[in-house]
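Spelled out, the chains give:
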Amino acid sequence: VSGNGPSGICLSYLLSGYIPYFKRDSLHPHPILQRKLEESPDVSILDQDLEYLSEGLEGRSHSPVALLFDALQRPDTDFGGTSESVLDWWYEPSRAIPHLVLGRNAPGGAWHSIEGSMVTLSRGEWMGLPDLPFKDWLKQKRRGLRNNRATAEDIAQYYQHYVVKKGLQKNFRCGTVVTSVRKVSAESISNHVQTDLRENSDSLWNLNEKSTEVFQVDGFFKTVKGDKEPFSVYAENVVLATGTYDSPTWLGVKGENLSYVHHQLSALEEAVKNNSIGIMSDPVLIVGAGLTAADAILFAHHCNIPVIHVFRRRVTDPGLIFNQLPKMMYPEYHKVHQMMKEQSAACAGPYECYVSLPEHHVLSFGKDKKCIFQDKSGYQKVYKISMALVLTGSNPNLSFLPNNGIDLVMDSGQPVNPKRNPIDVDPFTYECTQEKGLYALGPLAGDNFVRFVQGGALAVASSLLKQANKNPP
């Protein structure tokens with residue numbers, strides 16, 4: 001499993017012998033699903049037909065299995081209900097599938113790279129993993145959820161705690177970077193000794209005799225001294241769960257590689273910490289109209305740092321994320337949206353230190369920190385800025401796959417993109433349609449919320465368990 005964020009952690013739990021069953025005497029608010037669950041109460045969810053169970057479910061995800069697993073764990077959450085999960089988890093070690101989860105950071109993936117005080121978009125209970133409710137964990141810390149939402153630091157800590165609490169540490173190798181995944185013939189490696197990543201678990205590597213081809217996974221792990229130790233492991237199946245945080249999108253304009261132009265929010269936090277920008281500085285330019293750009297505006301606003309905000313869309317565009325969020329639940333994002341509306345350069349509004357330039361785009365960044373913008377009519381404006389943050393999304397980095405993974409996506413003429421061009425997977429197994437034995441989870445497969453990535457893990461675990469066919473029902 002390449003990637004140790006929520007997708008990888010959830011999959012490790014399911015592959016470690018933790019098997020979900022329908023809880024006897026529980027009542028699901030969805031009557032058709034309830035009837036289906038009652039048909040085979042002694043057969044685990046992983047061994048049932050996921051396509052049959054998920055048929056007819058509707059919700060905020062395009063993935064039927066994501067909707068199914070979410071409905072089983074949080075039966076009526078979209079209607080504000082707090083019904084308990086209808087799942088019972090049984091530990092059946094004989095059904096565990098040996099696996100490794102490789103990740104650059106501590107378990108939790110990109111959650112460790114996000115500024116700790118940031119509040120999540122999703123409700124806190126939607127960030128939880130199976131059989132350990134997030135709010136129960138938060139209660140132990142004697143903390144409550146603000147507006148039902150949690151901080152990034154809480155979530156990063158919860159994911160680390162989950163791995164320890166569920167006894168999954170032996171499957172995790174942190175500080176590892178995967179540099180290549182490719183298919184090789186099983187014969188060519190039968191005499192090859194695997195570089196030790198596995199700590200005395202030799203049985204892990206008895207490859208199925210029927211396999212004619214296996215995956216060779218190469219990379220390095222960072223030692224305590226900071227050295228890079230190479231490794232190679234061989235596996236019948238590889239799961240890609242590397243998320244989308246790796247490669248921020250660039251605008252592709254002149255001067256974008258200058259040292260004052262950044263593509264991550266952390267650069268602004270760093271500059272404030274070092275006192276290299278402050279109240280008296282030239283404005284900070286923020287490009288983009290998503291939630292990361294909004295987080296940057298809120299951070300700058302909090303520090304009284306002047307901001308010029310440039311974005312391509314109209315403020316009233318229904319595609320703008322702010323137009324899709326309930327005001328009550330997201331007061332701070334509503335405030336940013338209000339500023340975007342009321343503070344355009346054409347008319348000064350009540351908020352000092354902030355200017356909004358809707359339907360504008362950046363033409364170039366100059367060495368003298370002068371930035372040129374153009375509006376929809378072709379008029380140009382020049383502003384002197386202190387630093388620029390281009391926060392227009394990010395793309396997965398699949399450079400470790402042959403041809404950068406282009407052959408695996410829906411449209412091979414375009415780069416992989418979690419929203420517009422995800423990896424093409426079977427909706428009920430999450431196996432890549434173009435490469436048998438290779439699976440993709442989370443944003444790579446088009447699932448962008450922690451709440452819904454877990455269904456993909458259910459699909460992969462179900463597929464692998466059916467292949468292994470250990471003690472089938």
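What you see is a predicted model, and the numbers here were worked out from it, not measured in a lab.

## Let's talk about the packing of helix α1 (residues 6-15) against helix α11 (residues 450-468)
Logical step 1: Orientation of α1 relative to α11, taken along the N-to-C sense of each, is 40 degrees, at an axis distance of 8 Å. Regarding α1 and α11, the two cross each other, and that crossing is right-handed. Residues Pro6, Ser7, Cys10, Leu11, Leu14 and Leu15 of α1 lie in contact with α11, whose contacting residues are Val450, Val453, Gln454, Ala457, Leu458, Val460, Ala461 and Leu464.

## Considerations on the nonpolar core
Logical step 1: Counting residues in hydrophobic clusters, the biggest one holds 83 residues, and the most contacted among them are Leu11 and Ile423.
Logical step 2: Ranked by residue count, the leading element in this core is α11, at nine residues.
Logical step 3: For Ile423, the residues in contact, after removing those within four places along its chain, are Leu240, Leu398, Leu408, Val409, Val416, Cys432, Ala440, Leu444 and Ala445.
Logical step 4: The next biggest cluster of nonpolar side chains, apart from the first, holds 32 residues, and it includes Leu291, Ala294, Val315 and Phe322.

## Quick look at helix α9 (residues 291-302)
Logical step 1: Helix length check: α9 (12 residues) gives 16 Å between terminal C-alpha atoms against 16 Å at 1.5 Å per residue, within 8%.
Logical step 2: Buried within α9 we find Leu291, Ala293, Ala294, Asp295, Ala296, Ile297, Phe299 and Ala300.
Logical step 3: At its buried positions, α9 is contacted by α8 (266-273), β11 (284-287), β12 (307-310), α10 (331-342), β13 (354-357) and β17 (387-390).
Logical step 4: One or two steps after α9, the chain reaches Asn304, where phi turns positive at roughly 55 degrees.

## A look at the packing of aromatic side chains
Logical step 1: Tallied over the entire structure, the rule returns 10 aromatic pairs.
Logical step 2: Aromatic ring contacts, followed pair by pair, group Tyr13, Tyr18, Phe69, Trp89, Tyr91, Tyr158, Tyr159 and Tyr162 into a single cluster.
Logical step 3: We note Lys36 situated over the ring of Tyr52; from NZ or CZ to the ring centre the distance is 4.8 Å.

## Quick look at the pairing of strand β14 (residues 360-365)
Logical step 1: With five bridges connecting them, β14 and strand β15 (residues 370-375) associate as antiparallel partners. If you follow Ser364 over to β15, its bridge partner there is Ile372.
Logical step 2: Here β14 folds back onto β15, and the loop between the two strands holds four residues, one of which, Lys369, carries a positive phi near 65 degrees.

## Some details on the pattern of salt bridges
Logical step 1: In total, this model carries eight salt bridges according to the counting rule given.
Logical step 2: With its nearest N and O atoms 2.3 Å apart, the salt bridge here joins Arg24 to Asp42. Residue Arg24 is located in the loop between β1 (18-22) and α2 (31-39), and its partner Asp42 is located in the loop between α2 and α3 (50-54); the two are separated by 18 residues in the primary sequence.
Logical step 3: Judged by relative accessible area, which is 54%, Arg24 ranks as exposed.
Logical step 4: Taking relative accessible area as the criterion, Asp42 reaches 57% and is therefore assigned exposed.
Logical step 5: For Glu359, the salt bridge goes to Lys376, with nearest N and O atoms at 3.7 Å. Within this pair, whereas Glu359 is found in the loop between β13 and β14, its partner Lys376 is found in the loop between β15 and β16 (380-384), the two being separated by 17 residues in sequence.
Logical step 6: Assessed through its relative accessible area of 25%, Glu359 is described here as partly exposed.

## Describing the packing of α9 against α10
Logical step 1: As a packed pair, α9 and α10 sit with axes 10 Å apart at the nearest point and diverge in direction by 85 degrees. As judged from the angle between their axes, α9 and α10 are roughly perpendicular. The segment α9 lies against α10, with Leu291, Ala294, Asp295, Ile297, Leu298 and His301 engaging Glu332, Tyr333, Lys335, Val336 and Met339.
Logical step 2: Each residue belonging to the contact of α9 with α10 can be placed in one class, and the counts come to seven nonpolar, one polar and three charged.

## Focus on unusual backbone geometry
Logical step 1: You will see that Asp25, though not glycine, has its phi angle at about 65 degrees, which is positive.
Logical step 2: In this fold, Asp25 is placed in the loop between β1 and α2.
Logical step 3: With relative accessibility at 83%, the residue Asp25 sits in the exposed group.
Logical step 4: The backbone phi angle of Asn404 is positive, close to 55 degrees, even though this residue is not glycine.
Logical step 5: Locating Asn404 in the fold gives a position in the loop between β18 (394-395) and β19 (438-440).

## Details of the confidence of the model for the protein chain
Logical step 1: For the protein chain, per-residue confidence averages 84 on the pLDDT scale, and residues scoring 70 or more make up 85% of the total.
Logical step 2: A low-confidence stretch, residues 193-206 (pLDDT under 50), is modelled with 22 contacts involving residues beyond four sequence positions or located in other chains.

## Examining the side chain of Ser462
Logical step 1: If you trace the backbone, Ser462 turns up in helix α11.
Logical step 2: Its relative accessible area of 1% is what places Ser462 among the buried residues.
Logical step 3: A polar contact is formed between the side chain of Ser462 and the backbone oxygen of Leu46, at a distance of 2.7 Å.
Logical step 4: When residues no more than four places from it in sequence are discounted, the contact partners of Ser462 are Leu46 and Leu50.

## Thoughts on the sheet that holds β11
Logical step 1: With respect to topology, five strands assemble into an open sheet ordered β10-β17-β11-β12-β13, the strand pairing being parallel. Of all the strands in the sheet, just β10 (261-262) and β13 have a single pairing partner and so form its edges.
Logical step 2: Bridge count for β12 against β13 is four bridges, and the pairing is parallel. Along β13, the bridge assignment pairs His309 with Ser356.

Rules behind the numbers
- Residues numbered from 1 in each chain as written.
- Predicted model: local features only at pLDDT ≥ 70, side-chain atom pairs only at ≥ 80, totals over all residues.
- Heavy atoms only, no water.
- Axes fitted to C-alpha atoms, helices over the stretch in contact; angles between N-to-C directions.
- Helix = DSSP H or I, 4+ residues; strand = E, 2+ residues; numbered from the N terminus.
- Left-handed = near helix turned anticlockwise from the far one by under 90°.
- Contact = heavy atoms within 4.5 Å.
- Core = buried A, V, L, I, M, F, W, Y, C linked by side-chain atoms within 4.5 Å.
- Buried < 20%, exposed > 50% of the residue type's maximum accessible area, 1.4 Å probe, protein only.
- Expected span 1.5 Å × (residues − 1).
- Phe/Tyr/Trp six-rings, centres within 6.5 Å; stacked < 30°, edge-to-face > 60°.
- Lys NZ or Arg CZ within 6 Å of the ring centre and 35° of its normal.
- Pairing = 2+ DSSP bridges.
- Salt bridge = Lys/Arg side-chain N within 4 Å of Asp/Glu carboxyl O.
- Parallel < 35°, antiparallel > 145°, perpendicular 65-115°, else oblique.
- Nonpolar A, V, L, I, M, F, W, Y, C, P; charged D, E, K, R; others polar.
- pLDDT = per-residue confidence, 0-100.
- Polar contact = N/O pair within 3.5 Å; in protein donor to acceptor, adjacent residues only side chain to side chain.

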